[in-house]
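Residue-level listing of the chains:
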Amino acid sequence: MRRLALAVAVAIGLATAVPAAAAPPAAPAAVQAAAVTPIQIYGAWHCSNDACTWAAARTVAEFDSQNHWLIDRGDGRPSVNVVVLSFVNPLRLLNQTTDAGNVNGVPRGMTSEIVNYFTSRGIRVMLSIGGITYTDDWDAALSANATLLGQRAAAVATQFGVGIEIDYEQNTNPNLAGLQNFINAYRAVHPYNAVGTDPTARLTIDVAAGDRWLIDINRKATADWLRTDTPVLDYANAMVPARQPSASTAQANWQEHIDGKPQYSPPVLPLAPAKFTGGFYVAVGGKAIPECNNYANSLQKATAPYVQSVSPNGAGTSGGMLGFMFWAAEKPSTRGIGTAPPNTCEGGMGVGATSLNIPIPMPALRQS
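Residues numbered from 1 in each chain as written. Predicted model: local features only at pLDDT ≥ 70, side-chain atom pairs only at ≥ 80, totals over all residues. Heavy atoms only, no water.

### Points about the state of the cysteines
Argument step 1. Scanning the entire structure with this criterion turns up two disulfides.
Argument step 2. Through a disulfide, Cys 292 is tied to Cys 345; the S-S separation comes to 2.1 Å. What sets the handedness of the Cys 292 and Cys 345 disulfide is the S-S torsion sign, and at about -90° it is left-handed. Placement of the pair is Cys 292 in helix α9 (residues 290–293) and Cys 345 in the loop between β10 (323–329) and α11 (346–355), with a sequence separation of 53 residues.
Argument step 3. Residue Cys 292 is classed as buried on the basis of its relative accessible area of 3%.
Argument step 4. Owing to a relative accessible area of 0%, Cys 345 belongs among the buried residues under this scheme.
Argument step 5. Regarding the disulfides, the protein chain carries the connectivity 1-2, 3-4 under sequence-order numbering of its bonded cysteines. (Disulfide = S-S within 2.5 Å. Helix = DSSP H or I, 4+ residues; strand = E, 2+ residues; numbered from the N terminus. Buried < 20%, exposed > 50% of the residue type's maximum accessible area, 1.4 Å probe, protein only.)

Printed below as a string of structure tokens:
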């Protein structure tokens, strides 16, 4: 049943973050007038070969045969500077479950060898806890012992030398007190590290494409965890909506984060552009898309001027978002072509990494 639920969820986008309300207005043209800021993050969520369960250990040779484009855009340089292995089940992590697909709560496919496959090439690695399929398990784990869950996430970060992404997609009455305890416990072990030299200190959160879904989580994160004066989390990822957006829709969604929602009660505060990334699909359905194989016609190219120049509007002092994240490498769905050969993405993300001059390894991130 769990696998069936996962397959269904992935088919519509495991990182779904689409609001139910009407489409937002177009982003103001004025935001494109600021100076161009270098993109710092250009990465991919990674689902292994089994639709995001990572349930089976793989040899490095076999993994490379399906994912070589990530570490080699065609000239020996990686196509990305961060990979987020998705997903760890929070309840199994809390319970330290060992079964056919997990060892002490970590999926069997998330091994030190796979982490090293990326980090040895200068690519940062993170583990994502959650995903929409595991929303109820986030609720259960936070209710059972949020502090212990944070400690165990910190221990996994130490074990593998990775960062942690919070993907808690509870749209109705999320357990914000529990999530605060999780973050406090994690930060007690791995304090915030502004210069980015400690990979285990990288702690991020996923929010919706815009401000109209996951509202409570977004409101709390923007107000308390993503501030530029007292940062707690490193940054947020504005996730993909239910389907690939147009360039204008993507920019309008991201502008919602920058502007906030003062009309909400309580309001959603503005988010500094330097505190989030924007998401696109790199693999969806049964045919290749430009984000994977044709950078010249891709959304990352079309929206790069906005991402590199959008001005703050109430939070932060520097223009430009942190960059792009892509959903998702290899086999994000039980259906669709994914990004394994012959559908690899050197022509899209690889060319994008060159065209956008993506720094590898990832530099210290802008803080304001």
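### A few points about helix α4 (residues 112–119)
Argument step 1. Listing the buried residues of α4 in full gives Ile 114, Val 115, Tyr 117 and Phe 118. Looking straight down α4, one finds that the buried residues subtend no more than 150° of arc, so they occupy a single side.
Argument step 2. Summarising the contacts, the buried residues of α4 are in contact with β1 (41–46), α2 (60–71), β2 (82–88), β5 (124–130) and α5 (135–160). (Arc of directions from axis to C-beta. Contact = heavy atoms within 4.5 Å.)

### Structural notes on the environment of Gly 74
Argument step 1. The topology assignment puts Gly 74 in the loop between α2 and β2.
Argument step 2. By relative accessible area, Gly 74 is classed as exposed at 64%.
Argument step 3. Between the alpha carbons of Gly 74 and Leu 176 there is a distance of 44 Å; along the sequence they are 102 residues apart.

### Digging into the nonpolar core
Argument step 1. In terms of nonpolar packing, the biggest core is built from 77 residues, with Phe 118, Leu 179, Phe 182, Ile 205 and Trp 254 touching the most fellow members.
Argument step 2. When residues in this core are grouped by element, the largest group, 10 residues, is from α5.
Argument step 3. Other than its neighbours up to four places away in sequence, Phe 118 contacts His 46, Phe 63, Leu 70, Ile 71, Val 83, Leu 85, Ile 123 and Val 125.
Argument step 4. Core analysis: the next-biggest nonpolar cluster, separate from the first, contains 19 residues, Val 84, Met 126, Tyr 235 and Ala 328 among them. (Core = buried A, V, L, I, M, F, W, Y, C linked by side-chain atoms within 4.5 Å.)

### Focus: helix α8 (residues 247–259)
Argument step 1. The first and last C-alpha atoms of α8 sit 18 Å apart over 13 residues, in line with the 18 Å expected at 1.5 Å per residue.
Argument step 2. Taking burial as the measure, the 13 residues of α8 include 10 buried ones, the bulk of the element.
Argument step 3. Those residues of α8 hidden inside the fold are in contact with β7 (203–207), α7 (215–225), β8 (236–238), β9 (276–281), α10 (299–307) and β10.
Argument step 4. Note on α8: the residue one or two positions beyond its end, Gly 260, has a positive phi of about 75°. (Expected span 1.5 Å × (residues − 1).)

### Comments concerning the packing of helix α6 (residues 176–189) against α7
Argument step 1. In contact at an axis separation of 11 Å, α6 and α7 are set at 40° when each is read in the N-to-C sense. With respect to α7, the axis of α6 lies oblique. For α6 against α7, the interelement crossing comes out right-handed. Contacts from Leu 176, Leu 179, Gln 180 and Ile 183 of α6 reach α7 at Asp 216, Ile 217, Lys 220 and Trp 225.
Argument step 2. Class assignment of the residues belonging to the contact of α6 with α7 gives a composition of five nonpolar, one polar and two charged. (Axes fitted to C-alpha atoms, helices over the stretch in contact; angles between N-to-C directions. Parallel < 35°, antiparallel > 145°, perpendicular 65-115°, else oblique. Left-handed = near helix turned anticlockwise from the far one by under 90°. Nonpolar A, V, L, I, M, F, W, Y, C, P; charged D, E, K, R; others polar.)

### Topic: empty space enclosed by the protein
Argument step 1. Here the structure, examined in full by the defined rule, presents one cavity of 30 Å³ or more.
Argument step 2. Considering only enclosed or pocket space, the largest cavity measures out at about 40 Å³ in volume.
Argument step 3. Tallied by class, the residues present in the lining of the largest cavity amount to seven nonpolar, one polar and one charged. (1 Å grid on protein atoms, 1.4 Å probe; cavity = no way out; pocket = protein on both sides within 12 Å on 5 of 7 lines; lining within 4 Å. Points joined across faces, edges and corners; volume = space filled by probe spheres on them.)

### Details of the sheet that holds β9
Working definition: the strands of a sheet are paired by backbone hydrogen bonds and lie parallel or antiparallel to each other.
Argument step 1. Spatial ordering of the closed barrel is given by β1-β2-β5-β6-β7-β8-β9-β10, a layout of eight strands whose pairing is parallel. Across the sheet, the mean angle separating the axes of adjacent strands is 30° when strand polarity is ignored.
Argument step 2. Here β1 runs beside β10; their pairing, made up of five bridges, is parallel. Note on β10: the bridge partner recorded for His 46 is Ala 329.
Argument step 3. Relative to the sheet, α10 contacts β1, β9 and β10, its axis offset from that of β10 by approximately 155°. (Pairing = 2+ DSSP bridges.)

### Describing the confidence of the model for the protein chain
Argument step 1. Summing up the model confidence of the protein chain, the mean pLDDT is 92 and the portion of residues at 70 or higher is 91%.
Argument step 2. Of the regions scoring below 50 in pLDDT, residues 1–33 engages in 75 contacts with residues more than four places distant in sequence or in other chains. (pLDDT = per-residue confidence, 0-100.)

### With respect to the packing of aromatic side chains
Argument step 1. Under the criterion given, the structure shown has 15 aromatic pairs.
Argument step 2. When the ring of Phe 324 is compared with that of Phe 326, the centres are 6.2 Å apart and the planes differ by 40°; the resulting orientation is tilted. Like Phe 324, the residue Phe 326 is buried in the burial classification.
Argument step 3. The structure contains a cluster of three or more aromatic residues connected by ring pairs, namely Tyr 42, Trp 254, Phe 280, Tyr 306, Phe 324 and Phe 326.
Argument step 4. Lying over the aromatic face of Tyr 117, Arg 121 brings its terminal NZ or CZ to 4.9 Å of the ring centre. (Phe/Tyr/Trp six-rings, centres within 6.5 Å; stacked < 30°, edge-to-face > 60°. Lys NZ or Arg CZ within 6 Å of the ring centre and 35° of its normal.)

### As for the pairing of β7
Argument step 1. Among the five residues of β7, five are classified as buried, and the element is accordingly described as predominantly covered.
Argument step 2. Where strand β6 (residues 163–167) lies against β7, three bridges are found, and the strand directions are parallel. Opposite Glu 165, over in β7, you have Thr 204 as the bridge partner.
Argument step 3. Running through α6, the crossover from β6 to the neighbouring parallel element β7 is right-handed. (Right-handed = clockwise from strand over helix to strand, strands pointing away.)

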